[in-house]
Structure formats: structure tokens, C-alpha cells
Amino acid sequence: MAAASAIGLQINIVQASDSREIEAAFATLVRNRTDALLVGPDALMLSRRLQLAILAARYAIPTVYNVREYPEAGGLMSYGTSETEAYRQAGIYTGKTLKGAKPADLPVMQSTTFELVINLSTARAIGLEIPPNLLARADEVIE
């Protein structure tokens, strides 16, 4: 938060634990004239991704998420680890364990594959122009 303050930005944190609270959180964001929203990784938020996408579009709040399911449901964009790669790594670990390796002896692995997914239809709907160089870097652009 100190870094944001240093460049004249304000960060507001809103939390929600059910659909009603998601609606209330968006009301707070609108009241505070929020310029953008970052939705962190959370099972509830993922299960409510359609609601989040609809509210973000309704109030024209550019929103970034952590996994591709959000822009696939109508959210603006996501940037995060590739779930396909994570499942592949889990399969490798499982195979090694089934072949007799001790889980405690296996190295900790971190994702090295990240993907950027942009929903261009949503960007247009909220009046946001995505720079061509960002579109070119996207792993997928949803039209």
C-alpha cells in the first residue's frame, strides 16, 4: 500500500463470503469510484465468476483475475499460472510416487508457465481499448 500511496494511488480492499456480500462489495467499489479491480484466488470467487463478470461489466470496472475461467465467463482478463501445466506437474509427481519415490524426497515445484487471457468483447462493452502490443502478448484473445 505504501508503493501505491507513493504514486498517488489508493488501494481499497473489499471482501465477500457469499453472493449478497459480492453485491455489497461492488456497491462499495462504485461508491468509491474504483478505477480497477483485482480478484485474488479464491474458491468462492471462482464459483461466482459469472456474477463477478456481470457486475464488473454493469459498472464498467476493469477487472483482472487469476485464472482463465473468468474471462471465459465474461470477465475482462486473467493472468496466472496455467492450470493445464499444474495438472501435468501433479501427474508427474503422482507417477514418481507410484514408482516408489518418497514424496518427502521429491523437489518442490513451482509453476513456470503463466497465461494471459483477454476477453475483447468485454473490453469493448465497457469502453476499454486494449493496446495492440498487449493483445499480441496474450496467450488467448476471446472475441
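Analysis parameters
- Residues numbered from 1 in each chain as written.
- Predicted model: local features only at pLDDT ≥ 70, side-chain atom pairs only at ≥ 80, totals over all residues.
- Heavy atoms only, no water.
- 1 Å grid on protein atoms, 1.4 Å probe; cavity = no way out; pocket = protein on both sides within 12 Å on 5 of 7 lines; lining within 4 Å.
- Points joined across faces, edges and corners; volume = space filled by probe spheres on them.
- Helix = DSSP H or I, 4+ residues; strand = E, 2+ residues; numbered from the N terminus.
- Nonpolar A, V, L, I, M, F, W, Y, C, P; charged D, E, K, R; others polar.
- Pairing = 2+ DSSP bridges.
- Core = buried A, V, L, I, M, F, W, Y, C linked by side-chain atoms within 4.5 Å.
- Buried < 20%, exposed > 50% of the residue type's maximum accessible area, 1.4 Å probe, protein only.
- Phe/Tyr/Trp six-rings, centres within 6.5 Å; stacked < 30°, edge-to-face > 60°.

1. Quick notes on empty space enclosed by the protein
For the structure on display, the rule yields 1 cavity of 30 Å³ or more. Every residue along the wall of the largest cavity is listed here: Ala 53, Ala 56, Ala 57, Ile 61, Thr 63, Tyr 65, Gly 74, Gly 75, Leu 76, Thr 122 and Ile 126. Broken down by secondary-structure element, the contributors of at least two residues to the lining of the largest cavity are helix H4 (49-58) and strand S2 (63-65). Element by element, the count of residues in the lining of the largest cavity is highest for H4, at 3 residues. Grouping the constituent residues of the lining of the largest cavity by class yields 7 nonpolar, 4 polar and no charged.

2. Digging into the sheet that holds strand S3 (residues 77-81)
If you trace the 5 strands from one edge of the open sheet to the other, you get S1-S2-S3-S4-S5, paired in mixed fashion. Where the open sheet ends on each side, the last strands, each with one partner, are strand S1 (37-38) and strand S5 (140-142). As judged from the 5 bridges shared by S3 and strand S4 (residues 114-119), these two strands associate in the antiparallel manner. Opposite Met 77, over in S4, you have Ile 118 as the bridge partner.

3. A few points about the layout of surface pockets
Taken as a whole, the largest pocket holds about 360 Å³ of empty space. Contributing to the lining of the largest pocket are 14 residues, with Gln 10, Ile 11, Asn 12, Thr 34 and Ala 36 lying nearest its centre. When grouped by side-chain class, the residues that make up the lining of the largest pocket number 8 nonpolar, 4 polar and 2 charged. Considered as a void within the structure, the second largest pocket measures approximately 300 Å³ in volume. What lines the second largest pocket is a set of 16 residues, among which Val 14, Gln 15, Ala 16, Val 39 and Met 45 lie closest to the centre. For the lining of the second largest pocket, the elements supplying multiple residues, two or more each, are helix H2 (19-31) and S1. No other element matches H2, which puts 4 residues into the lining of the second largest pocket. Counted by class, the lining of the second largest pocket contains 12 nonpolar, 3 polar and 1 charged residues.

4. Describing the nonpolar core
Ranked by size, the top nonpolar core spans 13 residues in total, and within it Phe 26, Val 39, Leu 52 and Tyr 70 carry the most contacts. Those elements that place two or more of their residues in this core are H2 and H4. Met 77, Leu 116, Ile 118 and Ile 130 belong to the second-largest nonpolar core, a separate cluster that totals 9 residues.

5. Some points on the packing of aromatic side chains
The full count for this structure, using the stated rule, is 3 aromatic pairs. Residues Phe 26 and Tyr 59 carry aromatic rings whose centres are separated by 6.5 Å and whose planes lie at 25° to one another, so their mutual orientation is stacked. With Phe 26 in helix H2 and Tyr 59 in the loop between H4 and S2, the pair connects residues that are 33 residues apart, well separated along the chain. The class for Phe 26 is buried, based on a relative accessible area of 2%. With centroids separated by 6.0 Å and ring planes inclined at 15°, the aromatic side chains of Tyr 79 and Phe 114 adopt a geometry described as stacked. Placement of Tyr 79 in strand S3 and of Phe 114 in strand S4 is noted, with a sequence separation of 35 residues between them.

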